[in-house]
Amino acid sequence: MGRDLIVVQIGTFANFVGAHYWNFQNELFGSAFGGDLSPESLYSESLRGSYRPRALLIDSKGSLGSRPQYHGSHQHVERVDLSWGGAASIHVQEKIEPTEFMKSIEDEASVEGVNAGLPERGLPFSEESVAYWTDYCKEVFSDRSYLQLDGTFHGHPPALFTTGQELVTTETEDDIVDAFRWQAEQCDNFGGVVTLCESDTGYTGVADSVLTALRDEFPGSPGITFGCAQRRRSPAKLHSGLNEAWLAAVCARLDQHLIPFSATQWDANTFQHFNLVDVFNPYYSSSTLAVGVEMASLPLRKKEQMSLLELVDRLRPRPSWKVSRVDLAFPMRLQQDSLLDFGSPAFRSLTPSLVGSDLSAVESRRSRSTIICSRGVAFPSNDDVMESESSEASIIKSSVLPIPVPFPHRFSAAVGRDGNFLDNAESALRMKAKGNDFECESCGVLSVLSADAKGGCKVSLPPQALLFIETSHGQNRFQRTIAST
């Protein structure tokens, strides 16, 4: 099985996560930090020598902000033909101007071979200016990567998966399959699909239609889906539960491995040394989920490491175990003085909806279905998990994670510029001298991707969600679909 992947992003919050994720790839591409990674797993080279991500970005109308909305140019409306002879007026949304940061990026890109602007870390990026995911996404995608759904508008996602299903008409489905087929033709050796889906809204219904169509077009291709649930100020809890349940059912039916990320239970201080500031703002909450996607997909991008098929096989000691959890320590001290401790306060679960998996159990830590990814973090030589040859867990190691400029720079005073943790005296001096606003250029990260060694992870669903799907789709079918997760 090949290792060339295509990333499909469905829904606005999934695209917020994806924008941060692609910024990481952009930062790693060709840098000293990414020397052990294979960019070909995510990028295709054009005849002109430029590289473009293999990605399909599905979102609502108006979600692209300052980016061209209609395949390379803003729509220009000159007249409207009406069957009646009455007066008519045309209302066109004003073009949204790019942020100063994106203007600077575009100016530099327009001058070949010349450093036209400031060094990137001096570019005028303002976190407060972010309204769309395109306001901070540095990556340049092909025009054929974008698809905006008719019947939607930015800021108003479909409420329920049934509405999302209705948005994917036969014509829309054909457009999606054509765009995906074009991306697949750019692959030297197609290896599968990585999907990011907004999981608490009706975009799960869109994902149902999209992934079913792709499965029919490319049967047997492996896939892994990251659910992305956002913390909202006025959550529709019943709808959220139904939508997340539906995504679990879809992934089980299509044999897609599911990792249900969620920021719904976070607050600003969820991570020890990283302040999320405003968890209701998708720019902030999506940033740490993107770190989770970056770490969970690391085995797929390491040279001579794993294909997607091999990764899914490792995560499924039994064929029916189709859900995994991810725990993240971000940022993490580069040089560890003690053995790896999954019970440490540094670890936070990115998949709080999962039950039945005990990460602290020795069986889980050393299990073949556990994949530990380390970026720049070193452990003592006597560590029975990280350094032991007897452990069956997969240990993936790479260099520190570079922090792109558009990423929220909200690290605590204890985190130095190069990711080293400072002692209390240095931290206090730094806090006094510069306040809370100082820049971390790279840091250590540790993630654990796993299924329980004894019983597998299970999705915890609200009783209303179980009842609704049982009565709407038949109890036996529901039990076969959901229970297999």
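Note that this is a predicted model, so its numbers are computed, not measured.

What you see with strand β5 (residues 146-149) is no split at all: Y146 and Q148 on one side and L147 and L149 on the other are buried throughout. Bridge analysis of strand β4 (residues 55-60) against β5 gives four bridges, and the strand direction is parallel. Following the sheet pairing, D59 is matched in β5 by Q148.

All right, on to the packing of helix α5 (residues 203-217) against helix α6 (residues 237-253) then. Two elements in contact, α5 and α6, have axes separated by 9 Å at closest approach and are oriented at 10°. As the angle between them shows, α5 and α6 are arranged roughly parallel. Contact with α5, carried on its side by T204, A207, D208, T212 and R215, involves N243, W246, L247, V250 and R253 of α6 and no other residues of that element.

So, on to α6. A rise of 1.5 Å per residue sets the reference length of α6, with its 17 residues, at 24 Å; its end C-alpha atoms lie 24 Å apart and thus fit the reference within 8%. Taken across its 17 residues, α6 has 12 buried, putting it largely inside the fold. S240, G241, L242, N243, A245, W246, L247, A248, A249, V250, C251 and A252 are the residues of α6 that are buried. Just past α6, the residue D255 takes up positive phi, approximately 60°.

A word on the sheet that holds strand β6 (residues 190-198). Ordered in space as β5-β4-β1-β6-β7-β8, the six strands form an open sheet in which the pairing is parallel. Looking at the sheet topology across the chains shown, the edges are occupied by β5 and β8 (257-262). Adjacent strand axes in the sheet meet at a mean angle of 15°, parallel and antiparallel pairs treated alike. Pairing of strand β7 (residues 223-229) with β8, which is carried by six bridges, proceeds in the parallel orientation. Pairing of C228 across the sheet is with F261, part of β8. On the sheet, helix α1 (residues 12-28) packs against β1 (4-10), β4, β6 and β7 and is oriented at approximately 125° with respect to β6.

Moving on to helix α9 (residues 308-315). Every buried residue of α9 is accounted for by L308, L311, V312, R314 and L315. One side of α9 carries all its buried residues, which in axial view fall inside an arc of 160°.

What follows covers a negative patch on the surface. Side chains of E171, E173, D174 and D175 sit close together on the surface and give a patch of like negative charge. Residue placement: E173 occurs in helix α4 (residues 170-185).

Across the six residues of β8, six count as buried, placing the element largely inside the fold. Side chains H257, I259 and F261 project from β8 onto one buried face, and the interleaved L258, P260 and S262 project onto a second face that is buried too. On the question of chirality, the crossover connecting β7 to the parallel β8 by way of α6 is right-handed.

Our next topic: the packing of α4 against α5. α5 packs onto α4 with a crossing angle of 55° between their chain directions and a minimal axis gap of 10 Å. As summarised for this structure, α4 and α5 are arranged oblique, according to the angle between their axes. Along this stretch, α4 crosses α5, giving a crossing that reads as right-handed. Two secondary-structure elements touch here, α4 through E173, I176, V177, F180 and R181 and α5 through S209, V210, A213, L214 and E217. Across the contact of α4 with α5, the residue classes break down as six nonpolar, one polar and three charged.

The omega torsion of the bond from F330 to P331 falls at -15°, within 30 degrees of zero and hence cis. Structurally, the position occupied by P331 is in strand β9 (residues 325-332). Unlike most non-glycine residues, D255 shows phi in positive territory, near 60°. By secondary structure assignment, the location of D255 is in the loop between α6 and β8. A relative accessible area of 41% means that D255 is categorised as partly exposed. With phi around 60°, V277 is a residue other than glycine that occupies positive phi space. Owing to a relative accessible area of 35%, V277 belongs among the partly exposed residues under this scheme.

Below, the discussion takes up the nonpolar core. Residues W133, L196, F226, V291, L311, F330 and F411 are the most contacted members of the largest nonpolar core, which totals 73 residues. The dominant element in this core, judged by the number of residues it contributes, is α1, at nine residues. Beyond its immediate chain neighbours, meaning those up to four positions away, L311 contacts I224, A296, P299, L300, M306, I371 and L449. Formed by 29 residues, the second largest nonpolar core is a distinct cluster that contains I58, L149, V168 and V206.

Turning to the confidence of the model for the chain, a few remarks are in order. Residues with a pLDDT of 70 or more make up 77% of the chain, whose mean pLDDT is 81. Within the chain, the lowest mean pLDDT, 42, falls on helix α13 (residues 475-483), and the highest, 97, falls on β1. Here residues 469-485 is a poorly scored stretch, pLDDT under 50, and it has 30 contacts once near neighbours within four places are set aside; other chains count.

All told, the structure shown has 21 aromatic pairs when counted by the stated rule. Ring plane angle 55° and centroid distance 5.6 Å describe the contact between F190 and F218, whose orientation is recorded as tilted. Here F190 is found in strand β6, whereas its partner F218 is found in the loop between α5 and β7, with 28 residues between them in sequence. Judged by relative accessible area, which is 18%, F190 ranks as buried. An angle of 65° between the planes, with centres 5.0 Å apart, marks the rings of Y283 and Y284 as edge-to-face.

So, how was this worked out
- Residues numbered from 1 in each chain as written.
- Predicted model: local features only at pLDDT ≥ 70, side-chain atom pairs only at ≥ 80, totals over all residues.
- Heavy atoms only, no water.
- Buried < 20%, exposed > 50% of the residue type's maximum accessible area, 1.4 Å probe, protein only.
- Helix = DSSP H or I, 4+ residues; strand = E, 2+ residues; numbered from the N terminus.
- Pairing = 2+ DSSP bridges.
- Axes fitted to C-alpha atoms, helices over the stretch in contact; angles between N-to-C directions.
- Parallel < 35°, antiparallel > 145°, perpendicular 65-115°, else oblique.
- Contact = heavy atoms within 4.5 Å.
- Expected span 1.5 Å × (residues − 1).
- Arc of directions from axis to C-beta.
- Patch = residues over 30% accessible without salt bridge, like charges linked within 9 Å, V, L, I, M, F, W, Y side chains within 5 Å.
- Areas by Shrake-Rupley, 256 points an atom, 1.4 Å probe, with all protein chains shown as cover.
- Salt bridge = Lys/Arg side-chain N within 4 Å of Asp/Glu carboxyl O.
- Lys, Arg positive; Asp, Glu negative; His and termini not counted.
- Charge placed at Lys NZ, Arg CZ, Asp CG, Glu CD.
- Right-handed = clockwise from strand over helix to strand, strands pointing away.
- Left-handed = near helix turned anticlockwise from the far one by under 90°.
- Nonpolar A, V, L, I, M, F, W, Y, C, P; charged D, E, K, R; others polar.
- Core = buried A, V, L, I, M, F, W, Y, C linked by side-chain atoms within 4.5 Å.
- pLDDT = per-residue confidence, 0-100.
- Phe/Tyr/Trp six-rings, centres within 6.5 Å; stacked < 30°, edge-to-face > 60°.

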